[in-house]
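These are the residues of each chain, in order.
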Amino acid sequence: MVSLAHLDVLPPPRSRGGSVGSKAKLGLVSALLAEEEARPCAVVALRWLVRHAGVERAVCAVADSESGRLLGLTGIGVSVSSVDSFGLDLGDRAHPLVVALSGGEPVVFHDSSQPLLRALETPLGNLSFHAVPLGSSKEEIGPGLLLLTGLEDGLVSDDILWVAELLGVRLASLWYRRAQAEERRHKRERSWLFSTINAVTDPILLTDADGRILVANAGAEMLLTAGDDKREGWRRAVALNNMLFSASLFTNAAESGPTRRELLLVDPSEGKDLPFEVLSTPVPIRLGETGLVSVLRNVTDLRRATEEIEENYRRLRVAEAATRAQRDRLDLILNSVLDPILVTDAEGNIARMNPPAERMFTFPPGKRNVEVERRVRTNDAVFSSFVSSLYAGQARHWRRTLSLIDPQTGATVPVEAISGKVVSKHGEETAIVTILHDLTEAEEKARLYEQVKRHSDELRERVREATAELAEQNELLRRQAFQLEQASAMKSQFLANVSHELRTPLNAIMGYTHLMLEGVSGEMTQAQHDKLGRVDANARHLLAVINDLLDIARIESGKMPVQIERVLLPELIDEVMTEVEPVIAGTRLAVNRMLAPELPEIETDRQKVKQIVLNLLSNALKFTPEGAVSIRLEHERGSGEILIAVTDTGIGVAEENQKTIFEAFEQANSSYARRQGGTGLGLSICRRLAHTLDGRITLVSRLGEGSTFTLYLPSKPRTA
Amino acid sequence: MTRGDATPAPLVLVVDDVDHGREIFAEYLEFRGFRVATAADGLEALEKAFELLPDVILMDLSLPGIDGWEATRRLKQDDRTRDIPIIALTAHALAAAHDKAREVGCNAVVTKPCLPKDLEQEVRRQLEAKTTE
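Each value, and the rule that gives it
Residues numbered from 1 in each chain as written. Chains lettered and ligands numbered in written order. Predicted model: local features only at pLDDT ≥ 70, side-chain atom pairs only at ≥ 80, totals over all residues. Helix = DSSP H or I, 4+ residues; strand = E, 2+ residues; numbered from the N terminus. Contact = placed C-beta atoms within 7 Å. Buried ≥ 20, exposed ≤ 12 C-beta atoms within 10 Å, placed from the backbone. Pairing = 2+ DSSP bridges. Axes fitted to C-alpha atoms, helices over the stretch in contact; angles between N-to-C directions. Nonpolar A, V, L, I, M, F, W, Y, C, P; charged D, E, K, R; others polar. Arc of directions from axis to C-beta. Core = buried A, V, L, I, M, F, W, Y, C linked by C-beta atoms within 7 Å. pLDDT = per-residue confidence, 0-100. Parallel < 35°, antiparallel > 145°, perpendicular 65-115°, else oblique. Left-handed = near helix turned anticlockwise from the far one by under 90°.

**Focus: the overall build of chain B**
Line of reasoning, step 1. Within chain B, the secondary structure is distributed over 5 helices and 5 strands.
Line of reasoning, step 2. Mapped in sequence order, the helices and strands of chain B form the string β-α-β-α-β-α-β-α-β-α.
Line of reasoning, step 3. Counting contacts in chain B only where the partners sit at least 6 residues apart, residues at least 24 apart contribute 60% of the total.

**So, the overall build of chain A**
Line of reasoning, step 1. The helix and strand tally for chain A stands at 17 helices and 24 strands.
Line of reasoning, step 2. Evaluated residue by residue, chain A yields a buried proportion of 26% over its 720 residues.

**Quick notes on the sheet that holds strand β11 (residues 273-286) of chain A**
By definition, the strands of a sheet pair up through backbone hydrogen bonds, in either a parallel or an antiparallel sense.
Residues and elements named next belong to chain A.
Line of reasoning, step 1. The sheet built from 5 strands is open, its strands ordered β9-β8-β12-β11-β10 with antiparallel pairing. The open sheet has two edge strands, β9 (213-216) and β10 (259-266), and neither has a second partner. Adjacent strand axes in the sheet meet at a mean angle of 30° when their direction is disregarded.
Line of reasoning, step 2. As judged from the 4 bridges shared by strand β8 (residues 204-207) and strand β12 (residues 289-298), these two strands associate in the antiparallel manner. The residue bridging Leu-206 from the neighbouring strand is Val-293, located in β12.

**Some points on the interface of chain B and chain A**
Quoted interface sizes are often the accessible area lost when the parts come together.
Line of reasoning, step 1. On the chain A side, the residues contacting the 18 residues of chain B number 17 residues.
Line of reasoning, step 2. Residue assignment for the side of chain B that touches chain A shows that the elements contributing at least two residues are α1 (19-31) and α5 (116-132) of chain B.
Line of reasoning, step 3. The element best represented in the side of chain B that touches chain A is α1 of chain B, accounting for 6 residues.
Line of reasoning, step 4. Here the side of chain B that touches chain A is composed, by residue class, of 12 nonpolar, 3 polar and 3 charged.

**Here's the deal with the pairing of strand β16 (residues 412-423) of chain A**
Residue and element names in this part refer to chain A.
Line of reasoning, step 1. With 9 bridges connecting them, strand β15 (residues 397-405) and β16 associate as antiparallel partners. From the neighbouring strand, Ser-403 faces β16, where its bridge partner is Pro-414.
Line of reasoning, step 2. Linking β15 back to β16 in an antiparallel pair, the connection comprises 6 residues, with Gly-410 at a positive phi of about 80°.
Line of reasoning, step 3. Connecting the antiparallel pair β16 and strand β17 (residues 429-438) is a turn made up of 5 residues, with Gly-427 showing a positive phi of about 80°.

**Some thoughts on helix α12 (residues 440-517) of chain A**
Line of reasoning, step 1. Residues of α12 of chain A that are buried include every one of Leu-495, Ala-496, Ser-499, Arg-503, Asn-507, Met-510, Gly-511, Tyr-512, Thr-513, His-514 and Leu-515 of chain A, and no others.
Line of reasoning, step 2. Buried residues belonging to α12 of chain A abut α13 (526-556) of chain A together with α1 and α5 of chain B.
Line of reasoning, step 3. Immediately beyond the C-terminal end of α12 of chain A, within one or two residues, lies Gly-519 of chain A, with a positive phi of roughly 80°.

**Notes on the pairing of β11 of chain A**
Residues and elements named next belong to chain A.
Line of reasoning, step 1. The pairing of β10 with β11 spans 8 bridges and is antiparallel. Bridge pairing links Arg-261 to Val-278 in β11.
Line of reasoning, step 2. From the end of β10 to the start of β11, which pair antiparallel, there are 6 residues, and Gly-271 there has a positive phi angle of about 80°.
Line of reasoning, step 3. As paired strands, β11 and β12 are joined by 10 bridges and run antiparallel to one another. Following the sheet pairing, Arg-286 is matched in β12 by Glu-289.
Line of reasoning, step 4. What sits between the antiparallel neighbours β11 and β12 is a turn of 2 residues, in which Gly-288 has the positive phi angle 75°.

**Section: unusual backbone geometry**
In terms of backbone geometry, most residues other than glycine have negative phi values and most peptide bonds are trans.
Line of reasoning, step 1. Looking along the chain, the bond that leaves Lys-112 of chain B and enters Pro-113 of chain B is cis, with omega of 0°.
Line of reasoning, step 2. Examined against the element boundaries, Pro-113 of chain B turns out to sit in the loop between β5 (108-111) and α5.
Line of reasoning, step 3. Positive phi is not limited to glycine here, since Asp-694 of chain A has a value of about 65°.
Line of reasoning, step 4. Residue placement: Asp-694 of chain A occurs in the loop between α17 (682-692) and β23 (696-702).
Line of reasoning, step 5. The backbone of Leu-53 of chain B shows a phi angle near 50°, a positive value even though the residue is not glycine.
Line of reasoning, step 6. Among the structural elements, Leu-53 of chain B can be located in the loop between α2 (42-52) and β3 (56-60).

**Remarks on helix α4 (residues 95-104) of chain B**
Residue and element names in this part refer to chain B.
Line of reasoning, step 1. Along α4, the residues that are buried comprise Ala-97, Ala-101 and Val-104. Viewed end-on, α4 has its buried residues packed into an arc of 70°, placing them on one side of the element. Along α4, the residues that are exposed and aim more than 90 degrees away from the buried face are Ala-96, Asp-99 and Glu-103.
Line of reasoning, step 2. Lining the buried residues of α4 we find α3 (68-77), β4 (86-90) and β5.
Line of reasoning, step 3. Two residues or fewer after α4 comes Gly-105, characterised by a positive phi angle close to 120°.

**A look at the environment of Glu-373 of chain A**
Residue and element names in this part refer to chain A.
Line of reasoning, step 1. Here Glu-373 shows up in helix α11 (residues 370-392).
Line of reasoning, step 2. Separated by 10 residues in the primary sequence, Glu-373 and Phe-363 have C-alpha atoms spaced 5.9 Å apart.
Line of reasoning, step 3. The contacts of Glu-373, once residues within four sequence positions are left out, are Phe-363 and Arg-368.

**A look at the nonpolar core**
Line of reasoning, step 1. By size, the foremost hydrophobic cluster in this structure holds 51 residues, and its most contacted members are Ala-45, Leu-49, Leu-145 and Leu-147 of chain A.
Line of reasoning, step 2. Considering each element in turn, this core owes the most residues, 8 residues, to helix α2 (residues 38-52) of chain A.
Line of reasoning, step 3. Once residues lying within four places of it in the same chain are set aside, the contact partners of Leu-145 of chain A are Ala-61, Leu-97, Ala-100, Leu-101, Ala-131, Val-132, Pro-133 and Leu-134 of chain A.
Line of reasoning, step 4. Grouped together as the second largest cluster of nonpolar side chains are 42 residues, Met-510 of chain A together with Leu-58, Ile-87 and Cys-106 of chain B included.

**Quick notes on the confidence of the model for chain B**
Line of reasoning, step 1. Scored by pLDDT, chain B comes out at a mean of 88, with 95% of its residues at no less than 70.
Line of reasoning, step 2. Scored by ipTM, the complex comes to 0.83, with pTM at 0.41.

**Some remarks on the packing of helix α1 (residues 22-34) of chain A against α2 of chain A**
Residues and elements named next belong to chain A.
Line of reasoning, step 1. α2 packs onto α1 with a crossing angle of 165° between their chain directions and a minimal axis gap of 9 Å. In terms of orientation, α1 lies roughly antiparallel with respect to α2. The hand of the α1/α2 crossing is right-handed. Taking contact as the criterion, the partners of Ala-24, Leu-28, Ala-31 and Leu-32 in α1 are, on α2, Cys-41, Val-44, Ala-45, Trp-48 and His-52.
Line of reasoning, step 2. For the contact of α1 with α2, a count of residues per class yields 8 nonpolar, 1 polar and no charged.

**As for the sheet that holds strand β21 (residues 628-635) of chain A**
Residues and elements named next belong to chain A.
Line of reasoning, step 1. The sheet built from 5 strands is open, its strands ordered β19-β21-β22-β24-β23 with mixed pairing. With partners counted over all chains shown, the strands left at the sheet margins are β19 (590-595) and β23, one partner each. For this sheet, the mean inter-axis angle between neighbouring strands, taken without regard to orientation, is 10°.
Line of reasoning, step 2. Note that β23 and strand β24 (residues 706-713) share 7 bridges and pair antiparallel. What sits directly across from Thr-698, in β24, is Thr-710.
Line of reasoning, step 3. Against the sheet, helix α14 (residues 569-585) makes contact with β19, β21 and β22 (642-648), and its axis sits at roughly 170° relative to β21, the strand it touches most.

**What about the environment of Arg-212 of chain A?**
Residues and elements named next belong to chain A.
Line of reasoning, step 1. One can find Arg-212 in the loop between β8 and β9.
Line of reasoning, step 2. Residue Arg-212 is classed as exposed on the basis of its C-beta count, with 10 C-beta atoms lying within 10 Å.
Line of reasoning, step 3. Residues Arg-212 and Gly-291 lie 79 residues apart in sequence; the distance between their C-alpha atoms is 9.4 Å.

Take a look at the structure:
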């Protein structure tokens, strides 16, 4: 504390008039107006004083209303740090400088009492100086002081006073504007603050030590304040809430840190209970006074949330159980697959495998076997390499043939590894599933297939060769068939010609014989007549042979015309019987007819059937010296065939001859046959004719006992 | 003429290039009371037929020059001879020869060898058929 009494403080003499020109003054005014900050303004003013008013060193100090102190603003001829550290309490009313400030007049501090000057602790040290208050002299406490040294004769000129006033006014003006801007900023920030806390749906309150509400946001106001316009119920609820809230505040008043407690309030609009959790934090509100900021959190939702969490937890448990069941099922499926299946996690470790996989990739239980374990490790290495290559690649699926070893037998097992990446919904690769398919069998099959294919190819080649040969043979046969056809046609033509050439002389033989036998050429003796009869018989026999030969030729060349019609066989048998009647009359044989009833009509060539039956019957009569001949007609219901059987009690046919008897010119007993006048072609023709009609002839016979020739005819020829 | 009937016996023209063939049938038919003319080839057959206008013609089919089929065709195309029955005589036993003969207009076909009495029967049958028309 510096007492003014110890200082030689006197008002300095005032100089008369101003020596500085108005131009320099005008320069200062405009320079001051150009500056918007206090410090540059002061600098400008101090420089002006040094230049124009004889000042040597100068310090400008200003009164700071916020801190209540006089603080150094700037200086000339002094150190910056001394200016910055300069300051004194304005409340110290006895301080010489505070006195000078409030005096409104310049004061001189002489260097005659240096220890005291030092005690003032101004940036000017122990130099004597003039303290000139800024602003107009009407103010009680000016905006600041100018401390000036080096004034000539100790005089304070009008120019200095003018500058002090001017600078004071300018600084006051700047401070005022700054205060206003500050005020506006505070207002804005306040409004932001309110908007912010109002935006919080939880009620927020600031209360003082007595529990009075200093600040409340919209949420708090809704619960704790009620205007007159609210209905009675609302106001009562609000009163109740205030009471409850205040009570809750005081229960925790002793606490120094943040507190938490439950509070049940009433919703004024609906009357419902609102459970809150109140979080109170002590805050300083005024010097020595502490308030409480309380945040009320509605725990209705919290409670609901708790319940939801519990429900979710329950569901989770259920889902977990389901997952476990699914997993068990999956295990069951995996275990039922005979091919090894492995699941590899994202790090490439085997996460799961089924028993066939375990057999390949794990050590078997029981006694250790170095060899088996070595093979298992080899398999593991092969598989790991495969899986890591899959992780490196982009493909989702992978297929490759691996060569594993059966750990038990040491046999090489070729497998086809088919892998698929399991990708989560977020595209994350979570696992790789690999199934190993044993290719041993497939390779064996492939080998066998190759073998079969080779054989097949050989076979095909042989078939091709054979086919070519066959084609060649066919061509040959075709040529031969053509030649045969030609030969056959030539044969037929030859036979026709032979027939023609034989007939002409035969006509003469038979004709002249006839003329003579008829007596055209006069009477003959009985012996001549008999001998001519022999010529006639032989000529007739020759004609029969020629006709039969021609028939065979016609049948064989396919030129035998066939006329199919509906035929009633009993009628046909009658006709045959009539024709052979004269022959029968010449024997002593019993001839029987046995016709089954209801014989159906058949479709066939009437004339040819008649020729066959006539031939068979003639043969029977011819070769049966005594006994009986029967003709039997039956219908075979199963096959639909009609059979005509001619049975005799004649000489019969020896077994060795039964096959050849149908050949041309085969008569079993030739000498006998010749006596009977057969051509030896009859049965041959009969069989050929039967074939032409899709029928057949069979023979059952015993030598010396008789024969049965049976003609079978279809109900209709196939060709018809 | 062995018979002294008022109406002359029917005239048969026997056509055959083979002498004995001609002779046998001619002799037998004459023996049986027919009048008989003969021709040895197709051309002669046509001349005799137009000249004599016989009641029946026995026509061998295989003839030198104009054969039996051709001669028959010409006779059947001519108004004077159209109605004369023609019996074809042939040593061809195949159906084709017979069919061809009927096609050109032969009234009957007889295959050689043929007994003279059988031929006589056919001649009489043709004559009866002609008178009943």
